[in-house]
Amino acid sequence: MGAFKEPHGGELKNLYLPDEEAAAEKRAAKDYPSWDLGERQLCDIELLLNGAFSPLEGFLNQADYDAVVETMRLTSGVLWPMPITLDVSEDFARDIGTGDRIALRDLEGVVIATLEVGDVWSPDKAAEAAGVFGTRDQAHPAVHYLHNIAGPVYVGGKLRGIEPPTHYDFKHLRDGPEELRQRFRKLGWRRVVAFQTRNPMHRAHQELTLRAARDAEANLLIHPVVGMTKPGDIDHFTRVRCYEHLTSRYPEQTTMLSLLPLAMRMGGPREALWHAIIRKNYGCTHLIVGRDHAGPGKDSKGEDFYGPYDAQELLKTHEQELDISMVPFRMMVYVENRAQYVPVDETTDDDTVLNISGTELRRRLQEGLDIPGWFSFPDVVEELRRTHPPRDQQGFTVFFTGLSGSGKSTIANALMVKLMEIGGRHVSLLDGDIVRKNLSSELGFSKEHRDLNIRRIGYVASEITKNGGIAICAPIAPYAATRRIVRETISPVGGFVEVHVATPVEVCEQRDRKGLYAKARAGIIKEFTGISDPYEVPETPEIVVDTTDISPDLAAHRILVKLEAMGFIR
Ligand code: PPS
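These numbers come from a predicted model, not from an experiment.

Rules behind the numbers
- Residues numbered from 1 in each chain as written.
- Predicted model: local features only at pLDDT ≥ 70, side-chain atom pairs only at ≥ 80, totals over all residues.
- Heavy atoms only, no water.
- Helix = DSSP H or I, 4+ residues; strand = E, 2+ residues; numbered from the N terminus.
- Rg over C-alpha atoms; globule rule 2.2 N^0.38 Å.
- Buried < 20%, exposed > 50% of the residue type's maximum accessible area, 1.4 Å probe, protein only.
- Contact = heavy atoms within 4.5 Å.
- Areas by Shrake-Rupley, 256 points an atom, 1.4 Å probe, with all protein chains shown as cover.
- Lys, Arg positive; Asp, Glu negative; His and termini not counted.
- Charge placed at Lys NZ, Arg CZ, Asp CG, Glu CD.
- Pairing = 2+ DSSP bridges.
- Right-handed = clockwise from strand over helix to strand, strands pointing away.

Asker: Can you walk me through the overall build of the protein chain in this structure?
Answerer: Counting its secondary structure elements, the protein chain contains 20 helices and 19 strands. Here the C-alpha atoms of the protein chain give a radius of gyration of 26 Å, agreeing with the 25 Å that 2.2 N^0.38 yields for 570 residues. Classification of the 570 residues of the protein chain by burial places 54% in the buried group. Within the protein chain, contacts between residues separated by at least 24 positions form 74% of all contacts whose residues are at least 6 apart in sequence. Entry remark: accessible area of the protein chain is about 25,500 Å², with carbon and sulfur atoms responsible for 49%. With 68 positive and 83 negative side-chain charges, the protein chain shows a spacing of 2 Å between the two charge centroids.

Shown next as structure tokens:
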């Protein structure tokens, strides 16, 4: 087990049509129903077409989907742990049927592939979540995605590849499975250990990858995910610049860096199996699997979704069948008195063990504090500091949510003026009423329209935040899942501070400044939040204010103090 058999890694599917057929299919596709691929679908299709997801030949049909969800296997019996499905809207699904062809386009409208429709069905998403991720808890990023972002209908079928999705960045580091296998062959790399990562790499990672390569007597492939990772992760542009600095520090001719445009699901054990299959397709013989591989974080009760070594255990039981070896990774820690990194289980009680967690690193970056040389390399730290300046130099969003008449707009206005008085950043106010006039004038108050309204606000706020400004948003934003989507859009580009204006409905109704509550009670206004429409109370907002007993001025002042404590203003 482990050594290469020729061809490297087993049979690869290449779903791209030969040039002439691709040109003909592209012409024909003008008349096919057309689907615009989302970000995750674009990642999936790229890896389907180039063979990274071999043996799949398209998006799963229903029988394979059911089998994968329940048994981790395709109906053929082949091990395949992750359902790769094409989710679409009900409107789109209504007009297509088995045997039809559809054109799958990227964001620019370029036809990437066509799909010969097999099955069209509405999946049981709760069952999918429980089967694949072992939970129905929407704190799991993939379960949240399934219920709140993925469309309600799945379309399965074989793909005909026309052209690969375009990437304008890091072209020299992007290799498909066949290209990587060829590079390995050319270099005579017969044993290759892959390192999967979604985080910047520091000295500990370098030590562990060097040890893994030495133990496996293999060359090293640093194979970071640059498609979609866990919401809130450091962007791939920054990470890749860090990896480039790092790879120059490995012994010559031992190590290669290549980027993987995978959309992770944070599926823990199942995801580890999937990663192993993908790396085998790329021609690797070994995969490093550490503690909590592809871990989704904590569930809504604060517990881990998976045991820290569940992924290693599951892969251990299947590595023979998959014909790729796992190199289990032990956590490396810095021992000050020995001035070196060692696996944590090799330290003694006399050792002074130093470690900086990911959370601690983020804190030091946010506050502009020292990051010691034993932890990382100076050029890596400099890269991180460039894109993650201290909080008082970043943009941020203050996102108010609360009932109509709760005081959101008044506090938001007061806060805006106070922030302008402090100066240093441009401040934009996206108040509920203003947005509905200027951005969302065609929208009503159905759940669908409210969600669209909030996503638009989130989009504008993220652009303001990314460019170093302050966005103050003050819509009702009654749905938790939509607020979470906004948080996840903004957090990677700056600060996000949620303020729940928790003034009770009785107080809002009593004030009834706009006379809307009276109209809602009389049934003149339908779907009125708090009266005839739901408001989901935020569970963990950064700030809660209630204007029953305090003035808007004082509420704004409290928020300002909190922003100061969080480091956003000085
Ligand atoms: S949402 O749910 O976030 O999209 O709502 P939002 O854009 O903030 O708009 C809320 C303002 O619209 C007025 N209005 C209603 N509110 C709630 N429910 C219904 N059915 C409704 N119809 C009109 C109301 O004046 C809200 O303004 P605020 O400033 O919150 O009082």
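Read on, since the account is not over.
Asker: How should I be thinking about the environment of Met228 in this particular structure?
Answerer: The topology assignment puts Met228 in the loop between strand 8 (219-224) and helix 9 (236-247). Note: C-alpha distance between Met228 and Glu39 (189 residues apart in sequence) is 8.1 Å. Those residues in contact with Met228 that sit more than four places away from it in its chain are Glu39, Arg40, Cys43, Tyr145, Leu262, Ala263 and Met264.

Asker: Please clarify how the pairing of strand 8 should be interpreted in this entry.
Answerer: Sheet faces and side chains relate simply in a regular strand, where the side chains alternate between the two faces. By the criterion of burial, strand 8 is predominantly enclosed, with six of the six residues buried. With burial as the criterion, each face of strand 8 is covered, one bearing Asn219, Leu221 and His223 and the other bearing Leu220, Ile222 and Pro224. One ladder, built from six bridges, connects strand 7 (residues 192-197) with strand 8; its direction is parallel. Paired with Gln196 across the strands is His223, a residue of strand 8. Read from strand 7 through helix 8 (residues 203-216) to strand 8, the crossover connection turns out right-handed. Inspection of the sheet shows strand 8 paired to strand 9 (residues 255-257) by three bridges, in the parallel sense. From the neighbouring strand, Leu220 faces strand 9, where its bridge partner is Thr255. Since strand 8 and strand 9 lie parallel, the crossover through helix 9 that links them has a hand, and here it is right-handed.

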